[in-house]
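Take a look at the letters that make up each chain.
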Amino acid sequence: MEYLDFEQPIKELEEQMEKCQVIGNESDVDMTDACKKIEKKLNQVKKEVYGNLTAWQRVQISRHLERPYTLDYINSLAGNTFLELHGDRTVKDDKAMIGGFGKIDDQSFLFIGQQKGVNTKMRQYRNFGMANPEGYRKALRLMKQAEKFNIPIVSFVDTPGAFPGIEAEERGQGEAIARNILEMSRLKVPVIVFIIGEGASGGGIGVGDKVYMLENTWYSVISPESCSSILWRSWEYKKEAAEALKLTAPDMKKLKLIDEIIKEPLGGAHRDREMMFTTVRKVILDTYKDLKKLPTDKLVEKRMNKYLAMGVFSEK
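An account of the accompanying structure is given in this report. (Residues numbered from 1 in each chain as written. Predicted model: local features only at pLDDT ≥ 70, side-chain atom pairs only at ≥ 80, totals over all residues. Heavy atoms only, no water.)

1. Looking at the state of the cysteines
For clarity, the cut-off: Counting rule for disulfides: a pair of cysteine sulfur atoms within 2.5 Å. Helix numbers and strand numbers start at the N terminus; a helix is a DSSP run of H or I with at least 4 residues, a strand a run of E with at least 2. Relative accessibility thresholds used throughout: buried, under 20% of the residue-type maximum; exposed, over 50%; partly exposed, between the two (1.4 Å probe, protein chains only).
Overall, the coordinates contain one disulfide when judged by the stated rule. The side chain of cysteine 20 participates in a disulfide bridge whose partner is cysteine 35; the two sulfur atoms lie 2.2 Å from each other. Disulfide cysteine 20 to cysteine 35: torsion about the S-S bond roughly -115°, handedness left-handed. Here cysteine 20, found in helix 1 (residues 8–26), pairs with cysteine 35, found in helix 2 (residues 32–50); they are 15 residues apart in sequence, far enough to count as distant. Since its relative accessible area comes to 4%, cysteine 20 is described here as buried.

This is the structure we're talking about:
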């Protein structure tokens, strides 16, 4: 288990707990009371640490290397029914953006999302989850197919942002993202969005009838580091930037930019993956059950009105 800087007190106690259990199992010494005391202290420290997380600490948890990624969710939800589809039919297949059809129980869904990669080699292969224009266009192509066959869409957002390379801009990065936002707002099928890690710019696939944020994720137009480098010409102020950006799930809920917050296992989604998968599965099925009752015109109208109501403006 990888531990973050602020999790060191937890790491020490968990190591003590492990040693206590080993001694108890491998010797005749009764370590029951000692283990119980350590466990009590461990639970107390966990509640103190995770109950008072700063915005920057939540950003760190959202980037945890053992946190489940898009494919982990899809494989758990759809299993061997998932069929990944490739290519934007214009340039190439973007490995940072994945998409395909699969089933939860007997209901078909289109699953799309960014995939970061689980090790250094895979992260390079997936471009660290940063999509090029062809990635967004692949996602849109698949969403249009889902609409054609009346299949609901589930989107998993987890990206530090769109790829900022010159070649991406030459191929129309901004237009591709803007086109996705426009088209997603008027899709004639239910769209359910989950922010499962980093939600920079909504990943270009973040428009939905229901937008959920996992408890330890962030959602903003820019990362704290990039914001710090622009405002202070240095990454040293990333903690201050994280606070100022109001990018945490509670901030987003308060600002009415998302619909609900999904509680994670204590310490983050990586602490109990199966529990997280089960929770997301239930949310998907319950949400779709409600959304499918709406007539198509009402579904689209309600989605559009939701986004039109965001923000503050005045008329003169």
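Here the narrative resumes.
2. Quick notes on the packing of helix 6 (residues 133–148) against helix 8 (residues 173–185)
Quick note on the threshold: Between N-to-C directions, angles span 0 to 180 degrees; the directions come from axes that are lines fitted to C-alpha atoms, helices contributing only their stretch in contact. Each angle gets one of four labels, with under 35 degrees taken as roughly parallel, over 145 as roughly antiparallel, 65 to 115 as roughly perpendicular, and the rest as oblique. Crossing handedness is defined as follows: a turn of the near helix away from the far one that is anticlockwise and smaller than a right angle gives a left-handed crossing, while the clockwise case is right-handed. By definition, residues are in contact when any of their heavy atoms lie within 4.5 Å. Classification used: nonpolar for Ala, Val, Leu, Ile, Met, Phe, Trp, Tyr, Cys and Pro, charged for Asp, Glu, Lys and Arg, polar for all others including Gly.
Running from N to C, helix 6 and helix 8 point in directions that differ by 20°, and their axes come no closer than 8 Å. Our classification of the angle between helix 6 and helix 8 gives roughly parallel. Judged by the twist between their axes, the crossing of helix 6 over helix 8 is left-handed. Along its contact with helix 6, which presents Pro133, Tyr136, Arg137, Ala139, Leu140, Met143 and Lys144, the element helix 8 presents Gln173, Glu175, Ala176, Ile177, Arg179, Asn180, Glu183 and Met184. Classifying every residue of the contact of helix 6 with helix 8 by side-chain character gives eight nonpolar, two polar and five charged.

3. With respect to the pairing of strand 6 (residues 210–214)
For a regular strand, the rule is simple: side chains alternate between the two faces of the sheet. Convention followed: For two strands to be treated as a pair, DSSP must find no fewer than two bridges joining them.
The buried fraction of strand 6 amounts to four of the five residues, a majority that puts the element mostly inside the structure. Alignment of strand 5 (residues 191–200) against strand 6, held across four bridges, turns out to be parallel. By the bridge assignment for strand 6, isoleucine 195 is matched with methionine 213.

4. Remarks on the layout of surface pockets
One water molecule sets the probe size; rolling that probe over the atoms shows where empty space is left. Our working definition: Both site types are read off a 1 Å grid over the protein atoms alone. A 1.4 Å probe that fits but cannot get out defines a cavity, while an open set with protein on both sides within 12 Å along at least five of seven lines defines a pocket; lining residues have an atom within 4 Å of a point. Grid points are joined across faces, edges and corners, and a volume is the space filled by probe spheres set on the points.
Approximately 380 Å³ is the volume attributed to the largest pocket. Forming the walls of the largest pocket are 20 residues, and the residues nearest its centre are Asp209, Lys210, Asp259, Lys302 and Lys306. If you list the elements that add at least two residues to the lining of the largest pocket, you get strand 6, helix 12 (273–291) and helix 13 (296–308). When residues in the lining of the largest pocket are grouped by element, the largest group, six residues, is from helix 12. Residue composition of the lining of the largest pocket, grouped by class: eight nonpolar, one polar and eleven charged.

5. Remarks on the nonpolar core
Rules: Only buried Ala, Val, Leu, Ile, Met, Phe, Trp, Tyr and Cys residues count toward a nonpolar core, and they belong to the same one when joined by side-chain atoms within 4.5 Å.
Residues Leu110, Met143, Ile153, Met184, Ile205, Met213 and Tyr219 are the most contacted members of the largest nonpolar core, which totals 30 residues. Looking at this core, the elements with two or more residues in it are strand 2 (97–104), strand 3 (107–114), helix 6, strand 4 (153–159), helix 8, strand 5, strand 6 and helix 11 (249–254). With 27 residues, the next largest nonpolar core counts Phe109, Phe277, Val280 and Ile284 among its residues.

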